[in-house]
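# Report on the structure
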Amino acid sequence: MFRVRSLSSALFNHRQSDGTLYKLFCTMSESPTAQQEAKLLKRANEENEDCAEKVQATKRMKADEESTEDEKKYPKKKVTLLLAYCGKGYYGMQRNPGNAQFRTIEDDLVAALVKSGCIPDNHADDMKKMSFQRCARTDKGVSAAGQVVSLKLRMIDDIMAKINEHLPPQIRVLGLKRVTQSFNSKNNCDARTYSYMSPTVAFAPKDYDTENIAAYRLEQETLQRLNRLLALYKGTHNFHNFTSQKAPNDPSARRYIIEMSCGEPFVRSGHEFAVITVRGQSFMLHQIRKMIGLVIAVIKGYAKEEVLERSWGHEKVDVPKAPGLGLILERVHYDRYNKRYGGDGLHERLEWEHEEDAIKAFKEAHIYPTIVETECQEGSMVSWMATLPKHDFEATATVTEDNKDQKQDNADEGNASD
């Protein structure tokens, strides 16, 4: 003890002459205190981490308990939802994981299902857990009046109203029905009906002055010829030329068209429009728009009628793709399902006659005005018609005008409907 004190006194007495020894002493003197403080701080951090983990665990346990309670109170059931939506501003129906900047109908639908309490939060990023399936993957800008999705939902009170509370006005759930556990809205679908609303100037002669499109009126003779050409599509044909990257010998390119025709024209906002309706078992990407595009090219005089027959052959034909604005998914059909389960006393027929008024009201409020206003303001059909002279309808197509869109087509590639 005496020696330590002597050393301490000597060091303090000579601190001016030997600063190094003084600093060494200070370090030796303060070291135990610093170590203690470090230990206390470490212990406090560990306790805080343990506390945070306990809080998170408690929250998870509470969420699980609430989820379990919700499951007991609102058990999940397999259902179909009847959807209507205006596709303008959306990049189609199907969600694109990793591409949040491209908003789709399903993005808004899934968000509404979570907010309304119909599905758990942790299922939103993986809807397979809810057995989610859309009937048709409508393309960018395409609308629907009768889209159907199938999935498992918690059957909360006032379920449709609560889902619609969290949807924008241009998307609505118009119907809900219970279905069998094995039901799949896409695989169980027998046929799909689409309509295409077009300004009738699309069927004017190619030398018609497009500066005066509002004045054009479709003649009955032209309408009859149009319907005769559209009727040629009926039956089973090889539509490899009407989509992207389909080989002529690919069996999936063969599609069955049940009906295709154009109705009487009508006037909206001073412009004349007509609606083409097509019903088929299924459609490939862009198929309907290319079917209509090729007929318009024939009607306007850019291509001969024989190009239709040639397009179903093995050679590559340059087929133009009409704008997507006027395309509407009108209805999906489940005839076989209805025949098997519709009368079993447990399940409803998947028919929507009671929702017809709501469907018509939605189209009149959201879909038709959008098509008419956008066409009148932007002239998408007239702009597209200006590209028709660039297509070569006579020779076998190796490089077509639509090849410019090939990258986008490849990104959208699939056998899903248009």
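Residues numbered from 1 in each chain as written. Predicted model: local features only at pLDDT ≥ 70, side-chain atom pairs only at ≥ 80, totals over all residues. Heavy atoms only, no water.

Looking now at the packing of aromatic side chains. On inspection of all chains with the given rule, the structure shows 10 aromatic pairs. Both rings, one in Phe183 and one in Tyr337, keep their centres 4.9 Å apart while their planes meet at 65°; by these two values the pair is edge-to-face. On the criterion of sequence distance, the pair formed by Phe183 in the loop between strand 4 (171-178) and strand 5 (191-199) and Tyr337 in helix 8 (residues 335-341) is long-range, its members being 154 residues apart. Where Tyr233 meets Trp312, the ring centres are 6.1 Å apart and the plane angle is 65°; that geometry is what we call edge-to-face. Of this pair, Tyr233 sits in the loop between helix 5 (220-231) and strand 6 (235-238) while Trp312 sits in the loop between helix 7 (306-311) and strand 10 (327-333), and the two are 79 residues apart along the sequence. (Phe/Tyr/Trp six-rings, centres within 6.5 Å; stacked < 30°, edge-to-face > 60°. Helix = DSSP H or I, 4+ residues; strand = E, 2+ residues; numbered from the N terminus.)

Turning to the environment of Ile359, a few remarks are in order. Relative to the helices and strands, Ile359 resides in helix 9 (residues 356-378). Sequence separation of Ile359 and Gly175 is 184 residues, and the distance between their C-alpha atoms is 9.8 Å. Contact partners of Ile359, with chain neighbours within four places excluded, come to Leu82, Ala145 and Leu174. (Contact = heavy atoms within 4.5 Å.)

This paragraph deals with the pattern of salt bridges. Should the charged atoms of two oppositely charged side chains come close, the side chains can pair. Following the criterion strictly, the structure yields 15 salt bridges and no others. Where Lys246 meets Asp250, a salt bridge forms, and the shortest distance between an N and an O atom there is 3.6 Å. Here Arg349 makes a salt bridge to Glu351, at a shortest N to O gap of 3.0 Å. According to the relative accessible area criterion, Glu351 is partly exposed, its value standing at 31%. Three or more residues are tied together by salt bridges with common partners; here these are Arg225, Arg228 and Glu305. (Salt bridge = Lys/Arg side-chain N within 4 Å of Asp/Glu carboxyl O. Buried < 20%, exposed > 50% of the residue type's maximum accessible area, 1.4 Å probe, protein only.)

For the rest of this paragraph, the subject is the nonpolar core. Core analysis: the biggest nonpolar cluster contains 102 residues, and Leu113, Leu151, Leu153, Tyr233, Met260 and Tyr334 have the highest contact counts within it. Aside from chain neighbours lying at most four places away, what touches Leu151 is Lys77, Lys78, Val79, Leu81, Leu113, Met127, Met130, Ser131 and Phe132. (Core = buried A, V, L, I, M, F, W, Y, C linked by side-chain atoms within 4.5 Å.)

Take helix 3 (residues 105-115) next. In an α-helix, one full turn covers 3.6 residues, which means residues spaced three or four apart are oriented alike. Within helix 3, 8 of the 11 residues are buried, which leaves the element mostly enclosed by the surrounding structure. Two residues or fewer after helix 3 comes Gly117, characterised by a positive phi angle close to 90°.

To continue, consider helix 6 (residues 287-300). The end-to-end C-alpha separation of helix 6 is 20 Å, in line with the 20 Å expected for 14 residues at 1.5 Å each. The element helix 6 is extensively covered by neighbouring structure, given that 14 of its 14 residues are classed as buried. Within two residues after helix 6, Gly301 carries a phi angle of roughly 100°, on the positive side. (Expected span 1.5 Å × (residues − 1).)

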